[in-house]
Every structure is written in C-alpha cells, then in structure tokens.
Amino acid sequence: MHKFNNLTHTLTPILILIFSSINVFLVAGAAEDPFTPKAYLIRYWNKQISNDLPKPSFLIEKASPMTAVQSAAFSKLAGDQNALSTNLPSFCSAGNLLCFPEVGPSLEKHSGDVNFKEYSEKNFTNYGSGRLGGSDSFKNYSNDGNEALNTFRRYSRDSVGHGDKFSTYARNTNVPDQSFNTYGTKATGGTGDFTAYAQDVNVPTMRFTSYSDDVNGRVQTFKSYSENANAGDQSFASYGKHGTDTFSGYGGGTVNNQKFGFKTYGVNNTFKDYADKKRATFATYAARATAAELEEMKMEKKTASGKGVNKWIEPGKFFRESMLKSGTIMPMPDIRDKMPKRSFLPRVILSKLPFSSSKIGDLKRIFHAGDESGMAKFITNSLNECERKPSAGESKRCVGSVEDMIDFATSVLGRNVVVRTTDNTNGSGKTVKIGAVKKINGGKITKSVSCHQSLFPYLLYYCHSVPKVRVYEADLLDPNTGSKINHGVAICHIDTSAWSATHGAFLSLGSEPGKIEVCHWIFENDMTWAVAD
C-alpha cells in the first residue's frame, strides 16, 4: 500500500500535465487558449493602456509563441539554470530564440576530391590535411540560414598542391560564426579561393587564426569578402606569414559597424577597394601604404550645395524637417530589419534568467556560448549597452518582454499612449515621393519613447525616452506612378545640442550640434511610443 501511495504521488503531476494539455488543446480548437503568453499579453495591454485604439499587431506578434504548457514547463526549468541549459534546443525551438546549433567534432579524412553543395553546420577537423593535389569545392554552403556555425580546423594543413574553393559561402545568413584555425598551414602550392564569401550577412564573426602560416607558394584570394555585411567582427590573427594573398573588394558595399583585425599580417599582400579603413586594424602589417592610400584612408567628403557630405553615410538616413512635406522627392535609406528573427520571452520565464554583466558566465552557460564565440560577443555587447549610464535627461531600459516595454513606455508618457512603426520596407534603398503628411500631437514639440532591437538570444529592445521631438506620419509614393507604396513614421529631434560633433547626422547634413534639427525614419521592427492624439 505504501508503494502504491508513492507511485500515485509520483504520477499525479504527470497526469495533471497530460489532462491539462488535452484540455488546453480542446479549448484552443474552439477559441484561442486563454493561458498562452500571447493571451496574457492581450489582457495586460487592456489593463495598462487606457485607450481603446486598435492594438499594434506588429508588436503583439512578437510575443512568445509558446503554448501554455510549454511556458509553464520552461518557467519551472528556468529556476534551475543547469536544467534549462540541458534542454536548450527544445527551449530555443519552442520560444523562437536565436541559438547556435551544436556542431560535433569530426576527424574525417577524405582522399578524393569533394564537392559540398548546399551544406551546413559541419566541423571539418583535419579535413584535407596532408593531401597531395586535388581540390575541394564549397558551393552555396551555409546559405540563407538564420545562423551558420562551421569550424575548419587544421583544414588543408601540410597539403601539397591542394586547391580549396569557397563560392557563395554563408551568403544571406544571420549571425554566421565561422572559424578557420591553422587553415592551410605549412602548405606547399595550391590555392584558397574565397569568392562572394559572407555576402549580405548580418553580424558575422569570422576567425582566421594562424591562417596560411609558413606556406610555400600558396595563393589565397578573397574576392567580395564580407560585402554588404551588417556589424560583426572579422579577425585575422597571424595571417599569411610568408605567403602571397589578395583581398579584392573586401568589406565593400554597405558595411555597418564592422570591425576587422589583422594581427601580424605578412608582406607581399594586396588590399584592393577595402572599405572604410577607419574600422580596420592592421597591427604589425609589413607593407607600407603609399601617400595616395593614406589620403584615401581619411574621411572623404565632397561638396554638394555648399554643405559637407560624407559618402559613408547612406543617403536619406538623416534629413531636415523641411523635407517632410507633400511633393518632396528624397532618397529612402535601407530600412529593412537585418536582425535574426526572434520572439520575446514570457515574462514569467524572463524574470528568472540572469541579465547583468556580473552574471555573464551564467548567461553563456545557459545559451552554450563559448568564450570567443560570436554569441558570447553579442551577449556582452548588448549587456554593456544596457548598463551604460543614461545621457543627461535620458531614461532608458532594456526589455525582453512586451509587458516590460509597456511598463517603461507608460512610466514615461502615461497610460494613454500609442506605438507606431513604418508599415513595411517598400521603397527601401530607392527614391520616394512624400504624399500626405500628418503631424502627431498637432505638431507640438513633445517627448517620445523609442525602442530599438539589440542582438541577444531572445528578442531584446533598448528603449529610451527622447525629449523635444516632433513625430510625423507620411504616405510614401512611387515617384513615377504616384501610387502609395508605404506609410512611414518619422521622428525629428529638435534639440541636438548634446549630440556628438562626429554624429553621422552632422557628417551627412554638414552642420554642428544644436544648430539644426535632425529627422530620420523609424526602421522596420523599430518603434516609437507617443501620447495618443
């Protein structure tokens, strides 16, 4: 009898969970489950927001997609960080989070030529080492993924006449993490050809450690490497000692917030059309730059209508308030969201997870982020930004749930608020015509709360109060046909006196802090809160 009671005690929670799941499923068949994180958010919105305006679908859809049962289960696991880390793959899948896949070790050796086409998430350890002749081709490798994690360790090491070709590698991926350790070391002859490598990617982390060291007659070519990439870090440590390499079109196109580090990089190497040298660090680089190259490395400006214009600032990214009138034709910047798609966490789970730089070790352990991994870097960067001391007169908060965002916005603006964003990305990177314009709050100078995405495993927004602004809505038209293609939201900062003199707005518009107002569009998935009209 005692054993039966123990068995009953053990099975009771499991039976409750099973029947609760069945009940939830039946309820969901007739109507939306009232216990999901999204359903809770709707109730919270109705409680905290005092007006009856339509709820913002673009924000509500960012709520966690977890079911009620999943939310409850992972909430329990979140109380034990080891348990949550052990169940990370299912947690990431259920919550639509950004997590790198686990790539197991590999000691495979292949004697014949190979062709990897549309392949991903692989550890190539000792691959191609000691090969005599032959070639390996990586074509369309790790393309179009949300994250691509690949390791090439001791690849092509001690080979003779072995050719490696990486064509359209990791293109259009989000947060690729590629590691080439001791790649091509002590190789004799052969080639390494990286064509259209890491093109149009977001937040790449590429590490070339001891790459092509002590080689004899081996040629490495990087063509269109990391072109049109957004943010990220590129590291070439001990690269190309005693070799000949060519970097053509490296870091070209639109390069935003990227860092390139070349440490102890050898002689007889060519960097052609290397974009934005201010973001590149060439430590102990043997080749001496010419006077023309040094001049090119300076910030280039050209005169247009008597104003200094910086060619590195995307046209239309910043503009004057006078442009916001019907009939104006102006360039539209690329407002597309280049962050990986993620969802917020349910608040009940979020409240149990660490979130501070003092707990960075716990966070890295939960999300399986190695010390030098791309994930460790962007977790650290986001925490540093969130913990940065606010500017004078600024209130700020990083939020990992919609409920937290509502709390911050209402604490600044009150409960009668509305949140806006630009409708879509039509017209992005093209010329548009301004149609009908609406001044929010009657065009009065007011304050708002702006929220911008930060890169983190779950959806994280950096929200801050913005004083002395005017907010606008404007129809955006095709300049040729006059048809409406978008409905944009713009914010104009009236007081720029506290801004840095090197802010991109002044470099673009040719002025100084406090002398002009600066306007910009609200980009895809960014948003601004204001008092409702």
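Everything below is about the structure shown above.
First, a word on scope: everything that follows refers to the structure included in this document.

Here is what the cut-offs are and how they apply
Residues numbered from 1 in each chain as written. Predicted model: local features only at pLDDT ≥ 70, side-chain atom pairs only at ≥ 80, totals over all residues. Heavy atoms only, no water. Helix = DSSP H or I, 4+ residues; strand = E, 2+ residues; numbered from the N terminus. Expected span 1.5 Å × (residues − 1). Buried < 20%, exposed > 50% of the residue type's maximum accessible area, 1.4 Å probe, protein only. Core = buried A, V, L, I, M, F, W, Y, C linked by side-chain atoms within 4.5 Å. Contact = heavy atoms within 4.5 Å. Pairing = 2+ DSSP bridges. Salt bridge = Lys/Arg side-chain N within 4 Å of Asp/Glu carboxyl O. Disulfide = S-S within 2.5 Å. Polar contact = N/O pair within 3.5 Å; in protein donor to acceptor, adjacent residues only side chain to side chain.

1. Section: helix H11 (residues 402–413)
In step 1: The end-to-end C-alpha distance of H11 is 16 Å, a good match for the 16 Å that 12 residues give at a rise of 1.5 Å each.
In step 2: For H11, the tally of buried residues reaches 10 of 12 residues, placing the bulk of the element in the interior.
In step 3: All of the buried residues along H11 are Val402, Glu403, Asp404, Met405, Ile406, Phe408, Ala409, Thr410, Val412 and Leu413.
In step 4: Gly414 sits one or two residues past H11 and shows a positive phi near 95°.

2. Looking at the environment of Tyr40
In step 1: Relative to the elements of secondary structure, Tyr40 occurs in helix H2 (residues 37–48).
In step 2: Spatially, the C-alpha atom of Tyr40 lies 9.5 Å from that of Glu403, the residues being 363 residues apart in sequence.

3. A short note on the nonpolar core
In step 1: Judged by nonpolar contacts, the single largest core of 33 residues is most densely connected at Phe91, Leu97, Leu353, Phe367 and Tyr458.
In step 2: Mapped onto this core, the elements with two or more residues apiece are helix H4 (68–78), helix H6 (88–95), helix H8 (347–350), helix H9 (360–366), helix H10 (374–386) and strand S22 (460–477).
In step 3: Looking at this core element by element, the count peaks at six residues for H10.
In step 4: Those residues in contact with Leu97, other than ones at most four positions away along the chain, are Phe91, Cys92, Arg342, Ser343, Leu345, Phe367, Pro457 and Tyr458.
In step 5: Counting residues in each nonpolar core, the second largest holds 26 residues, with Phe58, Ile60, Ile406 and Cys463 among its members.

4. Quick notes on the pairing of strand S19 (residues 417–420)
Regular strands show a simple pattern: their side chains alternate between the two faces of the sheet.
In step 1: What you see with S19 is no split at all: Val417 and Val419 on one side and Val418 and Arg420 on the other are buried throughout.
In step 2: Bridge count between S19 and strand S25 (residues 527–531): four bridges; the pairing is antiparallel. In the strand pairing of S25, Arg420 is matched with Thr528.

5. Some words on the pattern of salt bridges
In step 1: Counted under the stated rule, the structure contains 16 salt bridges.
In step 2: Asp407 serves as the salt-bridge partner of Arg347, at 2.4 Å between the closest nitrogen and oxygen. Of this pair, Arg347 sits in helix H8 while Asp407 sits in helix H11, and the two are 60 residues apart along the sequence.
In step 3: On the basis of relative accessibility, which here comes to 23%, the residue Arg347 falls in the partly exposed class.
In step 4: The class for Asp407 is partly exposed, based on a relative accessible area of 21%.
In step 5: Residues Arg397 and Asp404 are paired through a salt bridge, measuring 3.6 Å at the closest nitrogen-oxygen approach.
In step 6: The exposure class of Arg397 is partly exposed, given its relative accessible area of 35%.
In step 7: One network of salt bridges, with partners in common, ties together Arg347, Arg397, Asp404 and Asp407.

6. Overview of the state of the cysteines
In step 1: Using the criterion set out here, one finds four disulfides in the structure.
In step 2: Across a sulfur-sulfur distance of 1.8 Å, Cys92 and Cys99 are joined as a disulfide pair. Its S-S torsion of about -70° marks the bond between Cys92 and Cys99 as left-handed, since a negative value means left-handed. Side by side, Cys92 and Cys99 carry an identical accessibility label, which is buried.
In step 3: One disulfide bridge connects Cys386 with Cys398, the sulfur atoms lying 1.9 Å from each other. A torsion of -95° about the S-S bond marks the disulfide between Cys386 and Cys398 as left-handed. Here the residue Cys386 occupies a position in helix H10, and Cys398 occupies one in strand S18 (residues 396–399), the gap between them amounting to 12 residues. For the pair formed by Cys386 and Cys398, the shared burial category is buried.
In step 4: The disulfide pattern of the protein is 1-2, 3-4, 5-6, 7-8 when the bonded cysteines are numbered in sequence order.

7. Overview of the environment of Lys55
In step 1: Residue placement: Lys55 occurs in the loop between H2 and helix H3 (57–60).
In step 2: Accessibility expressed as a relative area gives 35% for Lys55, which makes it partly exposed.
In step 3: Residues Lys55 and Trp45, 10 residues apart in the sequence, show an inter-C-alpha distance of 8.4 Å.
In step 4: Here Asn46 takes part through its side chain, which lies 2.9 Å from a polar atom of the side chain of Lys55.

8. Considering unusual backbone geometry
In step 1: A positive phi is found at His368, a non-glycine position, where the angle reads about 55°.
In step 2: Following the sequence through the fold, His368 ends up in the loop between H9 and H10.
In step 3: Classification of His368 by relative accessible area gives partly exposed; the value is 35%.

9. Concerning the side chain of Asp404
In step 1: Tracing the backbone shows Asp404 in helix H11.
In step 2: The class of Asp404 is buried, set by a relative accessible area of 10%.
In step 3: Within the local environment of Asp404, its side chain forms a polar contact with the side chain of Arg347, the two groups lying 2.8 Å apart.
In step 4: Each residue touching Asp404, except ones within four places of it in the same chain, is listed here: Arg347, Leu350, Arg397 and Val399.

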